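Geometric and topological summary
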Amino acid sequence: MRPGDPELSYGRLSEHPLAELLLSARERGATGELRIEGGGGTSRLFLRQGAPAGAHVAVGFRPLGQVLVQSGLIDLDTLDRALPQLERGRPLPEVLCEMGALDADGVREGMRLQLLEHLRALGRLFDGRFEFRSEEPPAWTSELTLEADRADGCIAEALASPGAQGHLVALLARLGPRVLRLGARFEGLASTLRLEPGEREALESWREGGGPEHLIERGVDPARARWLSAALLALGGVEAMDPA
């Protein structure tokens, strides 16, 4: 995702869904702004070294206070007590820290959770124009860059969205006759992908090589089997090998 790569520097989400753009950004260690025109407005996703670090969204916006309450970082009474200060124009994080309701780490965690919600909303967009700009993100994003496991989870969730199904199929089609074998990152990704009962056991069959059909034979839902296969392949949890 660099200015010299026009295919992923600009285009339409209907052709290059968010999952593909996030994968490209991670692969290249991209830093900059992904601007998306869709959902009735302009959204901006900021990236640092390939990982999401902040967003302003025109679709699916979740107020920070709502995220903090729903995640259990503060309770509704605390938010209600902060409202008079917010009406005077003070930022919520500043007010909560002054009240002693949250410390700086708690504020950052809340803002990361808000970012995850906004990424989910962007992942649900079926179409819209996008453009990547290689420029330094705003300073406030420097402390919000998602950790590797959360960034992986965002990509996996984006792959599950209806608009990403074409890219998911293309990922698997590139395998050709090759099989998938569990790799070094599988154990770390197993929790990120929230494997359902029986799925981990089915995936263990890939120690000797397998594919989506092997998961389906072991009772995994076909759509889920294809998603797991594509997500593990895209995130490095499996390796494509020539059949024995």
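Predicted model only: the values in this text are computed from it and were never measured. (Residues numbered from 1 in each chain as written. Predicted model: local features only at pLDDT ≥ 70, side-chain atom pairs only at ≥ 80, totals over all residues. Heavy atoms only, no water.)

This paragraph deals with the pattern of salt bridges. Applying the stated criterion across every chain yields a total of 21 salt bridges. A salt bridge links R108 to E143; the nearest nitrogen and oxygen atoms lie 3.2 Å apart. With a gap of 35 residues between them, R108 in helix α6 (residues 104-123) and E143 in the loop between β5 (129-133) and α7 (148-159) connect regions that are remote in the sequence. With a relative accessible area of 46%, E143 lands in the partly exposed category. In this structure, the salt-bridge partner of R200 is E187, at a minimum N-O distance of 2.4 Å. One end of the pair, R200, is in helix α10 (residues 199-203); the other, E187, is in helix α9 (residues 186-192), and 13 residues separate them in sequence. With relative accessibility at 33%, the residue R200 sits in the partly exposed group. Residue E187 is classed as partly exposed on the basis of its relative accessible area of 43%. (Salt bridge = Lys/Arg side-chain N within 4 Å of Asp/Glu carboxyl O. Helix = DSSP H or I, 4+ residues; strand = E, 2+ residues; numbered from the N terminus. Buried < 20%, exposed > 50% of the residue type's maximum accessible area, 1.4 Å probe, protein only.)

Two numbers describe how helix α2 (residues 18-28) lies on α7: the axes approach to 8 Å, and their chain directions differ by 150°. Of the possible angle classes, the one that applies to α2 and α7 is roughly antiparallel. The way α2 lies across α7 gives a crossing that is left-handed. Between α2 and α7, the residues in contact are A19, L22, L23 and R26 and D152, C154, I155, A158 and L159, respectively. For the contact of α2 with α7, a count of residues per class yields 7 nonpolar, no polar and 2 charged. (Axes fitted to C-alpha atoms, helices over the stretch in contact; angles between N-to-C directions. Parallel < 35°, antiparallel > 145°, perpendicular 65-115°, else oblique. Left-handed = near helix turned anticlockwise from the far one by under 90°. Contact = heavy atoms within 4.5 Å. Nonpolar A, V, L, I, M, F, W, Y, C, P; charged D, E, K, R; others polar.)

The next point concerns α2. An α-helical turn contains 3.6 residues, so any two residues separated by three or four positions project in the same direction. For α2, the tally of buried residues reaches 8 of 11 residues, placing the bulk of the element in the interior. Of the positions making up α2, those classed as buried are L18, A19, E20, L21, L22, L23, S24 and A25. Phi for G29, located one or two positions after α2, is positive at around 65°.

Further remarks concern the confidence of the model for the chain. On average, the chain scores 93 in pLDDT, and the residues at 70 or more come to 97%. Taken as a whole, residues 1-6 scores under 50 in pLDDT and shows 13 contacts with residues more than four places along the chain or in a different chain. (pLDDT = per-residue confidence, 0-100.)

Let's shift gears to the environment of E187. A sequence separation of 32 residues divides E187 from I155, and the C-alpha atoms of the two residues are 17 Å apart. Dropping the residues within four chain positions of it, E187 is found in contact with R200 and R207.

Here α7 spans 17 Å end to end across 12 residues, near enough to the 16 Å set by a 1.5 Å rise per residue. Three or more residues of α7 are buried, namely A151, D152, G153, C154, I155, A156, A158 and L159. Along its buried surface, α7 packs onto α2, β4 (51-56), α6, α8 (165-173), α9 and α12 (222-235). (Expected span 1.5 Å × (residues − 1).)

L34, L45, W206, L215, W227 and L232 are the most contacted members of the largest nonpolar core, which totals 54 residues. Considering each element in turn, this core owes the most residues, 8 residues, to α12. Apart from the residues within four sequence positions on either side, W227 is in contact with A156, L159, A160, L168 and L193. (Core = buried A, V, L, I, M, F, W, Y, C linked by side-chain atoms within 4.5 Å.)

What the rule picks out here adds up to 1 aromatic pair. Summarising the aromatic geometry, the rings of F46 and W140 are spaced 5.8 Å apart at their centres and angled 85° between planes, so their arrangement reads as edge-to-face. Residue F46 is found in strand β3 (residues 41-48), and its partner W140 is found in the loop between β5 and α7; the two are separated by 94 residues along the sequence. The buried category is assigned to F46, whose relative accessible area is 1%. (Phe/Tyr/Trp six-rings, centres within 6.5 Å; stacked < 30°, edge-to-face > 60°.)

A word on unusual backbone geometry. In this model, Q49 sits at a positive phi of 50°, which is unusual for a non-glycine residue. As for its position among the elements, Q49 is in the loop between β3 and β4. Within the chain, R194 stands out as a residue other than glycine whose phi angle is a positive 50°. With respect to the secondary-structure elements, R194 resides in the loop between α9 and α10. Given a relative accessible area of 65%, R194 falls into the exposed group.

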